[in-house]
Amino acid sequence: MRYLIASDLHGAPGPLEEILRFYDAGHYDQLLLLGDILYYGPRNSVPEGMNAPRVVELLNAHAGEIIAVRGNCDAEVDQMLLHFDIMATYAILADGGHRYFLTHGHHYHAGALPHGRYDAIIHGHTHLQGFTQATDGTLVVNPGSPTFPKGGNPPTFATLCDGTFSIHHLSGSIISQWTL
């Protein structure tokens with residue numbers, strides 16, 4: 001299966017439209033959303049073009065293809081609008097003999113690993129894209145944020161195909177890769 005991974009959209013339809021164009025053109029099978037979908041959060045400025053209803057419309061059109069987890073800015077009222085579940089703290093994905101732990105990153109991350117063995121922990125929250133390894137050697141993948149990238153990073157998302165993670169600039173170009 002081919003997965004596109006995004007986190008920290010924070011209600012901005014422009015970046016989401018770019019991601020969905022890439023998703024559709026690349027014939028991806030599932031969209032993995034790692035939280036902070038609609039609300040921009042109290043520490044961020046209001047994103048230019050903020051339009052949560054448009055984000056809802058775009059995502060609901062792909063509802064059957066989405067696996068999502070709850071971010072620290074997601075609330076029950078958001079779930080009322082979305083046609084896919086966003087309230088789980090984590091999800092476990094098994095594909096190609098690998099086990100992946102999907103979460104937002106405010107509970108589980110490289111410094112607070114979940115119980116069990118996983119080939120990769122995939123989380124957002126920090127808005128800092130990249131690959132690291134936890135002390136036990138588990139790969140930690142962060143797709144960054146297409147809306148509020150931090151640390152001088154560009155807007156990003158990630159893909160997972162046949163055990164290879166790629167972090168992409170919002171334009172689609174690959175920034176970095178890691179193969180399990």
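To be clear, the structure that these remarks concern was listed above.
1. Overview of the sheet that holds strand β6 (residues 120–122)
A sheet is described by the order of its strands in space; here five strands give the open sequence β4-β5-β6-β8-β7, paired in mixed fashion. Since the sheet does not close on itself, it has two edges, and those belong to β4 (90–95) and β7 (130–133), each with one partner. Across this sheet, the average inter-strand angle for adjacent strands is 25 degrees, counted without regard to direction. Bridge count for β6 against strand β8 (residues 139–142) is three bridges, and the pairing is parallel. Among the inter-strand pairings, Ile122 is bridged to a residue of β8, identified as Val141.

2. Notes on the pattern of salt bridges
Pairing is possible between side chains of opposite charge, provided their charged atoms come close. This structure, assessed with the given rule, holds four salt bridges. Residues Arg54 and Glu17 are paired through a salt bridge, measuring 3.2 Å at the closest nitrogen-oxygen approach. Separated by 37 residues along the polypeptide, Arg54 in helix α2 (residues 52–60) and Glu17 in helix α1 (residues 13–25) bring together distant segments of the chain. Look at Arg54 and you get partly exposed, because its relative accessible area is 27%. Between Glu57 and Arg54 there is a salt bridge; the shortest N-O distance is 2.9 Å. Here Arg54 and Glu57 lie together in helix α2, a separation of three residues that amounts to about one turn. Beyond isolated ion pairs, a larger network of salt bridges with shared partners links Glu17, Arg54 and Glu57.

3. Quick notes on a nonpolar patch on the surface
Taken together, Val77, Met80 and Leu81 make up a surface patch of nonpolar side chains, about 340 Å² in accessible area. By the secondary structure assignment, Val77 is in helix α3 (residues 76–79).

4. Focus: the side chain of Asp8
Within the secondary structure layout, Asp8 lies in the loop between β1 (2–6) and α1. As a buried residue without a salt bridge, Asp8 has its nearest oppositely charged side chain in Lys150, at a separation of 7.8 Å. There is a polar contact of 2.7 Å between the side chain of Asp8 and the side chain of Ser7. Of note is the side chain of Asp8, whose polar atom sits 3.2 Å from the side chain of His127. Other than its neighbours up to four places away in sequence, Asp8 contacts Gly35, Asp36, His104, Gly124, His125, His127, Gly144, Ser145, Pro146 and Thr147.

Calculation notes
- Numbers given to residues run from 1 along each chain, matching the order in which its sequence is written.
- Thresholds applied to this predicted model are a pLDDT of at least 70 for local features of residues and 80 or more for the giving and counting of side-chain atom pairs; totals over whole chains, interfaces and linings are not thresholded and use all residues.
- Processing note: side-chain calculations cover all non-hydrogen atoms of the structure and skip hydrogens and water entirely.
- Strands are labelled as partners when DSSP assigns at least two bridges between them.
- Secondary structure elements follow DSSP: runs of H or I of four or more residues count as helices, runs of E of two or more count as strands, with numbering from the N terminus.
- Note on method: axes are straight lines fitted to C-alpha atoms, helices fitted across the in-contact stretch only, with angles between N-to-C directions ranging 0 to 180 degrees.
- When a carboxyl oxygen of Asp or Glu is within 4 Å of a side-chain nitrogen of Lys or Arg, the pair counts as a salt bridge.
- Think of it in three bands: residues with accessible area under 20% of the maximum for their type are buried, residues over 50% are exposed, and the middle band is partly exposed, with areas taken using a 1.4 Å probe on protein chains only.
- Distance thresholds for patches are 9 Å for like charges and 5 Å for nonpolar side chains (Val, Leu, Ile, Met, Phe, Trp, Tyr), applied to residues having over 30% relative accessible area and no salt bridge.
- Here the open area of atoms and residues is found with the Shrake-Rupley method and a 1.4 Å probe, where only the protein chains shown may cover a residue.
- Charge counting follows a simple rule: Lys and Arg are positive, Asp and Glu are negative, and His as well as the terminal groups are ignored.
- In protein, a polar contact requires one atom able to donate a hydrogen and another able to accept it; more generally it is a pair of N or O atoms within 3.5 Å, and residues adjacent in sequence count only if both atoms are side-chain atoms.
- Any two residues whose heavy atoms approach within 4.5 Å at even a single point are treated as in contact.

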